[in-house]
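Residue-level structural notes
Spelled out, the chains give:
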Amino acid sequence: MSTEWVNPPPSARLALLRRTHTVAMVGASPNPARASNFVATYLLASTKFDVYFVNPNATEILGHPVYKTLTELPVVPDMVDTFRRLEDLPAVLDEVLAVGAKSWWLQFGLWAPELARRAEAAGLTVVMDRCLKIEHARFHGGLHLAGFDTGVISSRRAAR
């Protein structure tokens, strides 16, 4: 078996985002300096996703309740967006499979081809080493090179 694994192409990632209604963020942090908090802020403000937070060490993030595990969520999430260490991913995948999510998204820096193959064999769509916020903004016209929405869309060249 090859050790290579390839992310779905942009068209498939866009289709995934379009069919996603609920997102569970595993490893979401209440700390505004953490990437997961930045992504959570964007998802809540700029998408139609119902967002749920999973972190055994927090009780509230951005005014929303936090669940200790995926199994405690009141819904089955369409997508599980993961912000955890690489060594934690096998246990996260076990929980993703146990709750019946449809897709597993791994944030920047997370690349585990063997887990991706296992998840796909179980019927999940997998995206690795990509930011959900950046991908959503990219497909919806709100991506600045720095990864945030400038609020300015223009075809004019800047004055020199």
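Scoring rules and cut-offs
- Residues numbered from 1 in each chain as written.
- Predicted model: local features only at pLDDT ≥ 70, side-chain atom pairs only at ≥ 80, totals over all residues.
- Heavy atoms only, no water.
- 1 Å grid on protein atoms, 1.4 Å probe; cavity = no way out; pocket = protein on both sides within 12 Å on 5 of 7 lines; lining within 4 Å.
- Points joined across faces, edges and corners; volume = space filled by probe spheres on them.
- Helix = DSSP H or I, 4+ residues; strand = E, 2+ residues; numbered from the N terminus.
- Nonpolar A, V, L, I, M, F, W, Y, C, P; charged D, E, K, R; others polar.
- Polar contact = N/O pair within 3.5 Å; in protein donor to acceptor, adjacent residues only side chain to side chain.
- Pairing = 2+ DSSP bridges.
- Contact = heavy atoms within 4.5 Å.
- Axes fitted to C-alpha atoms, helices over the stretch in contact; angles between N-to-C directions.

1. Here we look at the layout of surface pockets
Rolling a probe over the atoms, with the probe sized like a water molecule, indicates the empty space that remains. The computed volume of the largest pocket comes to approximately 540 Å³. What lines the largest pocket is a set of 26 residues, among which V26, G27, A28, F83 and R84 lie closest to the centre. The element best represented in the lining of the largest pocket is helix α2 (residues 35-46), accounting for four residues. Its residues assigned to classes, the lining of the largest pocket comprises 14 nonpolar, seven polar and five charged.

2. Overview of the side chain of T47
With respect to the helices, strands and loops of the structure, T47 is situated in the loop between α2 and β2 (50-54). A polar contact of 2.5 Å, which involves the side chain of T47, links it to the backbone oxygen of L43.

3. Re the sheet that holds strand β4 (residues 64-67)
Overall, mixed pairing links the seven strands, which are arranged β3-β4-β2-β1-β5-β6-β7 in an open sheet. Every other strand in the sheet has two partners, leaving β3 (60-61) and β7 (125-127) as the edge strands with one partner each. Sheet topology note: the β3/β4 ladder contains two bridges and is antiparallel. Bridge pairing in β4 links I61 to H64. Those strands touched by α2 are β1 (22-26), β2, β3, β4 and β5 (79-82), and its axis lies near 165° from that of β1.

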